[in-house]
Amino acid sequence: MLGRPGSASTRFQELLDHLPAGVVVHGADGVILTANRAAERLLGRTLDKLRGLEASEAEWSLLQADGKPMSAEMYPVHQVLRSGAAVAGFIAGLRRKGAGVSWMICNAYPVHGADGALVEVVVCFTDCTNLKDAEQQLRKSEERLRLVLRGSRDAVWDFDLRSGEAYYSDRWWEMLGYQAGEVSADQQTWRRFLHPDDRLAINVFMQELLGGTRDSFSIELRLAHRDGHYVPVLSRGFVLHDSAGRPVRVSGTNTDLTERKESEQRIYHLAYFDHLTGLPNRRHLLEQLAKIGSRSSRQGRIGALLFIDLDNFKQLNDSLGHEAGDLLLQQVAERLRHSVRDSDQLARLGGDEFVVALENLGATDEEAAVEAEKVAHKMLGVLQRPHRLAVRAVTITPSIGISLFGNGATAMDEVLKQADIAMYHAKAAGRNTLRFFDPAMQAAIDARSLLENDLRQGLHLGHFPLHCQPQFSADGKLVGGEMLLRWQHPRRGLVGPGEFIDLAESTGLIVAIGQQALADACACLARWARLPVLSDISLAVNVSVQQLVQPDFVERVLAILEQTGAPPTRLSLELTESILAEDDVIDKMLALRQHGVLFSLDDFGTGYSSLSYLKRFPFCALKVDRSFVNDARTGSNAGAIAELIVALGKTLGLKVIAEGVENEQQFGFLRAQQCDAFQGFLFAPALPLDEFERRYAVAPA
Ligand SMILES: Nc1nc2c(ncn2[C@@H]2O[C@H](COP(=O)(O)OP(=O)(O)OP(=O)(O)O)[C@@H](O)[C@H]2O)c(=O)[nH]1
């Protein structure tokens, strides 16, 4: 007991005895003078046995914080005796014989006498074994966590939403090609690495996550790597909420999915692509066909399935060997790939069979069939060019079966079967050809190709005799004529343009036909120039888009004018509005205008009827479309439009010509509107040129 006489001293003693901390008082020589009850308990000795003991000679020993034995001079009492200074917060282990180690936090301070000399050292110590154990546990578990994370390759991150603190682990940076600490980071930093296409979705996701009650999440995203590529990442973690449900912490790990994605891709490729040619395989095709079929039905567009089988491939395989066969199949695949659009679905079905699905070929079966046939013809042409194999060059032909789809009536696997059947018909027809599944379609295509042949033949033999429809002024004077195409077919007789212009356009023959018509018209103008009655009338010739877009269109026209000697100022080229949207048209028109050639705008009122066209392009005349002329009378809509068109033409200084005038009522109405010229059955139909000249080359009596 710390004995001090008097009642104050007794109270002080009681206080000390009830302190939970041990207190030991040493004399200046280090010997224990007294101790309180807690010290007796902690040291396991009564005061009697403690008194007179030197700390270092006692039955207990002290350990350092790291568990190693502590040398006597490091004991707190000795440190104070040596230095005269207090020691605070000193951690020491107390090992007593027969008992374990208890951990203490020690404070020690010197007590000085009146003369300033050190007379006592008071050492206080509190048991902190529990705290020490907890610290050790914590350290162990932290170390364990560190090791686990280092081994896991996952990248840890942790955001304290209240303090704004952000932690990105070293691995997090390493995953994106950076070193930790290289970039200063906050809670928004990761967003800067997001793939632009992921930003919106991730922002929405984060808003929902932080605004909701979920406490875990898992999401895939892409983060930019330093070298420019994007790392696919699986981000998983937890959200911690406070008692009010507010998010206070978000932590998680990012797993690099690159390898997984690559192997998924490899597996996908193995399952869906043909290893020899790299083309999609049968399974891929069948899956795509279902989508293609429903897309076409939805859009109301017709498409075609082409079934392509090489002819006598077995023979080639047998004679040149399987390897040569493989090489050929690869070349065939490559050529097919180049004959279709990127959006077309090409696949190798197996062996020497390939399939192409062509979508969106037209609004009707006929249109689609024409387009499909073109592609199939292209393939026939492309495939039969010699293939250079290691041994030698070989030629191979395909047989192609075609079936249309898109009206939703036939399932796509059925369409595939139909194309297969059609392919067998192509084989039966002698190979190296194509066949449609639908006999009616085949008949239409056959008829069309017959007509195309005839058209070529007709062009060659000059079977397009010129016809000319006269144009008159309001007072009945002949002022011009429009050259109209007719086809003198050897079996069918005279065929009107409605029956062959489409075909001529889709086969490109229109360019040659138009060129011929232009040459004939100019020859005619040259002849008329020598006939007094016809010498000052103009002749209009229709020009198609395909003609006009020819790069040398201007030169061709000038050459014809030169060769024929026709007066350019009598030649009027009629264009429809759709042509005006093509590039360079205005330049070509201006070039020809410089030589005096006239231009008139045909069918005005039916197309875009853009006023800017009329102002920008160097037109001399405007033709009111026959649809307005038909119903042209006072009070009708068509009449009002015709009236407007005439007024518009007049304002712009253009000559206005009405076509398709069939009766006196129409004529009377349009004449009242001050139309300049009139053309139609009321006056005369298109006449063969010789008859035209017979009728009009004589001066009126
Ligand atoms: N080199 C090679 N040959 C293959 C491959 N797959 C299938 N074949 C062969 O391709 C040939 C296909 O022959 P068929 O289409 O049945 O007959 P064909 O000789 O082409 O005769 P037709 O089709 O009637 O014109 C068979 O001999 C198959 O062994 C392949 O991957 N590589």
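The structure we're discussing is the one just above.
Here's what I pulled together on the structure shown here. No experiment lies behind these values; they were computed from the predicted model shown.

Cut-offs applied
Residues numbered from 1 in each chain as written. Predicted model: local features only at pLDDT ≥ 70, side-chain atom pairs only at ≥ 80, totals over all residues. Helix = DSSP H or I, 4+ residues; strand = E, 2+ residues; numbered from the N terminus. Buried ≥ 20, exposed ≤ 12 C-beta atoms within 10 Å, placed from the backbone. Contact = placed C-beta atoms within 7 Å. Pairing = 2+ DSSP bridges. Right-handed = clockwise from strand over helix to strand, strands pointing away. Axes fitted to C-alpha atoms, helices over the stretch in contact; angles between N-to-C directions. Parallel < 35°, antiparallel > 145°, perpendicular 65-115°, else oblique. Left-handed = near helix turned anticlockwise from the far one by under 90°. Nonpolar A, V, L, I, M, F, W, Y, C, P; charged D, E, K, R; others polar. Near = placed C-beta within 6 Å. Core = buried A, V, L, I, M, F, W, Y, C linked by C-beta atoms within 7 Å.

Overview of the overall build of the protein
And then number 1: Per the secondary structure count, the protein includes 25 helices and 29 strands.
And then number 2: Counting all 701 residues of the protein, 30% fall into the buried class.
And then number 3: Within the protein, contacts between residues at least 6 apart in sequence are counted, and of these 57% link residues at least 24 apart.

Quick look at the pairing of strand β24 (residues 571–575)
And then number 1: For β24, a buried count of five out of five residues is recorded, marking the element as mostly surrounded by other parts of the structure.
And then number 2: Of the two faces of β24, the one carrying L571, L573 and L575 and the one carrying S572 and E574 are both buried.
And then number 3: Here β24 pairs with strand β25 (residues 598–604) via four bridges, running parallel. Its bridge partner being in β25, L573 is matched across the sheet by F599.
And then number 4: Between the parallel pair β24 and β25, the chain is carried across by helix α20 (residues 585–593), and the sense of this crossover is right-handed.

Overview of the packing of helix α19 (residues 553–564) against α20
And then number 1: Two elements in contact, α19 and α20, have axes separated by 9 Å at closest approach and are oriented at 25°. Considered as vectors, α19 and α20 are oriented roughly parallel to each other. The hand of the α19/α20 crossing is right-handed. Facing F553, V554 and V557 of α19, the residues of α20 in contact are K588, A591 and L592.
And then number 2: Grouping the amino acids of the contact of α19 with α20 by side-chain chemistry returns five nonpolar, no polar and one charged.

Describing the site of the ligand
And then number 1: Within the structure, the ligand sits among 16 residues, and D311, F313, K314, G325 and G351 are positioned closest to it.
And then number 2: Listed by contribution, the elements that provide at least two residues to the shell around the ligand are β12 (302–310), α11 (313–320) and α12 (322–339).
And then number 3: Residues belonging to the shell around the ligand are distributed by class as follows: four nonpolar, six polar and six charged.

Structural notes on the nonpolar core
And then number 1: Ranked by size, the top nonpolar core spans 64 residues in total, and within it A521, V541, V624 and L670 carry the most contacts.
And then number 2: No other element matches the nine residues that helix α17 (residues 509–528) contributes to this core.
And then number 3: Not counting residues up to four positions away in its chain, the partners in contact with V541 are M483, A517, L518, A521, L573 and E574.
And then number 4: The next biggest cluster of nonpolar side chains, apart from the first, holds 49 residues, and it includes A347, A357, A376 and L404.

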